[in-house]
Amino acid sequence: MNNLSNRTKGILFLVFSAFGFAVMSAFVKLAGDLPSFQKTFFRNLVSCIIALFFIIKNKESFFGKKENQKVLLLRSALGTVGIVLNFYSIDKLVLSDANMLNKLSPFFVIIF
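Residues numbered from 1 in each chain as written. Predicted model: local features only at pLDDT ≥ 70, side-chain atom pairs only at ≥ 80, totals over all residues. Heavy atoms only, no water.

Undergrad: What is the right way to look at the layout of surface pockets in this model?
TA: Empty space left among the atoms is revealed by rolling a probe the size of a water molecule over them. When its volume is computed, the largest pocket comes out at roughly 910 Å³. As for the largest pocket, its lining consists of 20 residues, of which Cys 48, Ala 51, Leu 72, Arg 75 and Ser 76 are closest to the centre. Mapped onto the lining of the largest pocket, the elements with two or more residues apiece are α2 (36-57) and α3 (69-92). Considering each element in turn, the lining of the largest pocket owes the most residues, 9 residues, to α2. Lining the second largest pocket are 19 residues; nearest its centre among them are Gly 82, Ile 83, Asn 86, Asn 102 and Ser 105. Tallied by class, the residues present in the lining of the second largest pocket amount to 11 nonpolar, 6 polar and 2 charged. (1 Å grid on protein atoms, 1.4 Å probe; cavity = no way out; pocket = protein on both sides within 12 Å on 5 of 7 lines; lining within 4 Å. Points joined across faces, edges and corners; volume = space filled by probe spheres on them. Helix = DSSP H or I, 4+ residues; strand = E, 2+ residues; numbered from the N terminus. Nonpolar A, V, L, I, M, F, W, Y, C, P; charged D, E, K, R; others polar.)

Following this line, the structure appears as structure tokens:
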């Protein structure tokens, strides 16, 4: 992969990321009648373990810099609400429609 340009690497990583999120959405849909909060908990548990690994590896602070803690807490809370609502939409809508709404979220932010 060293002989690829940065642009090609970026495109490949975007494709892999989109594929990973599509697979995650499919598994959320296949999980059945579990509550959205329970699905969110286990998804965030995996993310928390991965983040913990990188925090320990890079010897960083667990809660960020003191001046950024309120913004980080707000970002965490809103991110969790976003994941819960995304998983709820995956449960209630056709999978393609739920993923389309999720991918359109940056445009909704600009509009609102």
